[in-house]
Amino acid sequence: MIVIRRYIFMTGFFLLAFLSLSGQNVRTEEMAGEEVFLLESKVLNGDTIPHILLREVKVVPDWKFRSKRERKTYNRFVRNIKIALPYARVAANQLNSINAELAGIEGEKERKEFLKEAEKELFNQFEKPLRKLTFSQGRMLIKLIDRETGDTSYDLIKTYKGGFSAFFWQSVARMFGSNLKDEYDGEREDKMIEHIIILIDNGML
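Here's what I pulled together on the structure shown here. These numbers come from a predicted model, not from an experiment.

1. A few points about the packing of helix α2 (residues 68-103) against helix α7 (residues 191-201)
The axes of two packed helices give the description: the angle between them and the distance between them.
Here is step 1 of the chain: As a packed pair, α2 and α7 sit with axes 9 Å apart at the nearest point and diverge in direction by 60 degrees. Between α2 and α7 lies a crossing whose hand is right-handed. Contacts between α2 and α7 pair Glu-70, Thr-73, Tyr-74, Phe-77, Val-78, Ile-81, Lys-82, Leu-85 and Arg-89 from the former with Met-192, Ile-193, His-195, Ile-196, Ile-197, Leu-199, Ile-200 and Asp-201 from the latter.
Here is step 2 of the chain: Its residues placed into classes, the contact of α2 with α7 shows 11 nonpolar, two polar and four charged.

This is the structure we're talking about:
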């Protein structure tokens, strides 16, 4: 059990450690003890009005359960996705931010120092919560990393830590029946997961 938990933590950590949150169009500031919302604006007929871009809301039908076993699987996925999805989305935001930072760093030494410092900061931030992930939640995180970033966990580790690290952690993953090269397929294999994520984003789960 200790070995399994260490595998889950280290895999999740390496995914997050190299993936500061990107900027947002809507942000808040503290001003005179009050929270002030700063929004984008548009000029319409000479008047300046607030402009908020609403996200797309997908509508999906209820899931048709074919058996009690499938219902249990669905409920288990709901629990695991609610825990793993926020980490996957943080990873996607941080990947964009770090890639933007790296684009402005020319020297290889400076790039390595930047990544090392990012790893240190994120280790302090995510060590405790990642250690609490179960094996199934760790596997779900691997799937959702690919959904949110467009890259498999293996490719991300290889890019930011090198081929040897990717090979090592893939070997460990295989020992526990997992695969860092797993790709997300929301249309077929992972259709149930996609259905659940849509409901979560719509505030229905």
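2. Re helix α4 (residues 135-149)
Here is step 1 of the chain: With 15 residues, α4 ought to run about 21 Å at 1.5 Å a step, and its terminal C-alpha atoms sit 21 Å apart, in line with that.
Here is step 2 of the chain: Turning to α4, its buried residues number three or more, namely Gln-137, Gly-138, Met-140, Leu-141, Ile-142, Lys-143, Leu-144, Ile-145, Asp-146 and Thr-149.
Here is step 3 of the chain: Downstream of α4 by a residue or two, Gly-150 has a phi angle that is positive, lying close to 85 degrees.

3. Here we look at the layout of surface pockets
Here is step 1 of the chain: By volume, the largest pocket amounts to about 340 Å³.
Here is step 2 of the chain: If you trace the largest pocket, you find 15 residues lining it, with Phe-77, Arg-139, Met-140, Lys-143 and Ile-193 closest to the centre.
Here is step 3 of the chain: Mapped onto the lining of the largest pocket, the elements with two or more residues apiece are α2, α4 and α7.
Here is step 4 of the chain: The element best represented in the lining of the largest pocket is α4, accounting for four residues.
Here is step 5 of the chain: For the lining of the largest pocket, a count of residues per class yields four nonpolar, three polar and eight charged.

4. Considerations on the nonpolar core
Here is step 1 of the chain: If you look at the biggest cluster of nonpolar residues, it comprises 30 residues, and the most contacted ones within it are Ile-81, Leu-141, Leu-144, Tyr-160, Ile-193, Ile-196 and Ile-197.
Here is step 2 of the chain: At the level of secondary structure, the elements contributing two or more residues to this core comprise α2, α3 (108-131), α4, α5 (153-161) and α7.
Here is step 3 of the chain: At 11 residues, α2 tops the list of elements feeding residues into this core.
Here is step 4 of the chain: For Ile-197, the residues in contact, after removing those within four places along its chain, are Ile-81, Leu-85, Arg-89, Leu-144, Arg-147 and Tyr-184.
Here is step 5 of the chain: Ile-142, Ile-157, Trp-169 and Ala-173 belong to the second largest nonpolar core, which has seven residues in total.

5. A few points about the pattern of salt bridges
Here is step 1 of the chain: Under the defined criterion, the tally for this structure stands at eight salt bridges.
Here is step 2 of the chain: Taking the shortest distance from any N to any O, the salt bridge between Arg-89 and Asp-201 comes out at 2.9 Å. A residue pair is termed long-range when its members are at least 10 positions apart, and Arg-89 in helix α2 and Asp-201 in helix α7 qualify at 112 residues.
Here is step 3 of the chain: What you see here is one network of salt bridges that share partners, running through Arg-89, Arg-147, Glu-148, Glu-194 and Asp-201.

6. Observations regarding the side chain of Asp-190
Here is step 1 of the chain: Its place among the elements puts Asp-190 in the loop between α6 (163-175) and α7.
Here is step 2 of the chain: Exposure remark for Asp-190: the relative accessible area of 4% places this residue in the buried category.
Here is step 3 of the chain: In this structure Asp-190 touches Lys-143, Glu-183, Tyr-184 and Asp-185, once residues within four positions along its chain are discounted.

7. Points about α7
Here is step 1 of the chain: With nine of its 11 residues buried, α7 lies for the most part within the structure.
Here is step 2 of the chain: Listed in full, the buried residues belonging to α7 are Met-192, Ile-193, Glu-194, His-195, Ile-196, Ile-197, Ile-198, Leu-199 and Ile-200.
Here is step 3 of the chain: As for α7, its buried residues are in contact with α2 and α4.

Thresholds, definitions, all that
Residues numbered from 1 in each chain as written. Predicted model: local features only at pLDDT ≥ 70, side-chain atom pairs only at ≥ 80, totals over all residues. Heavy atoms only, no water. Axes fitted to C-alpha atoms, helices over the stretch in contact; angles between N-to-C directions. Helix = DSSP H or I, 4+ residues; strand = E, 2+ residues; numbered from the N terminus. Left-handed = near helix turned anticlockwise from the far one by under 90°. Contact = heavy atoms within 4.5 Å. Nonpolar A, V, L, I, M, F, W, Y, C, P; charged D, E, K, R; others polar. Expected span 1.5 Å × (residues − 1). Buried < 20%, exposed > 50% of the residue type's maximum accessible area, 1.4 Å probe, protein only. 1 Å grid on protein atoms, 1.4 Å probe; cavity = no way out; pocket = protein on both sides within 12 Å on 5 of 7 lines; lining within 4 Å. Points joined across faces, edges and corners; volume = space filled by probe spheres on them. Core = buried A, V, L, I, M, F, W, Y, C linked by side-chain atoms within 4.5 Å. Salt bridge = Lys/Arg side-chain N within 4 Å of Asp/Glu carboxyl O.

By themselves, these are just geometric observations and shouldn't be taken as functional.
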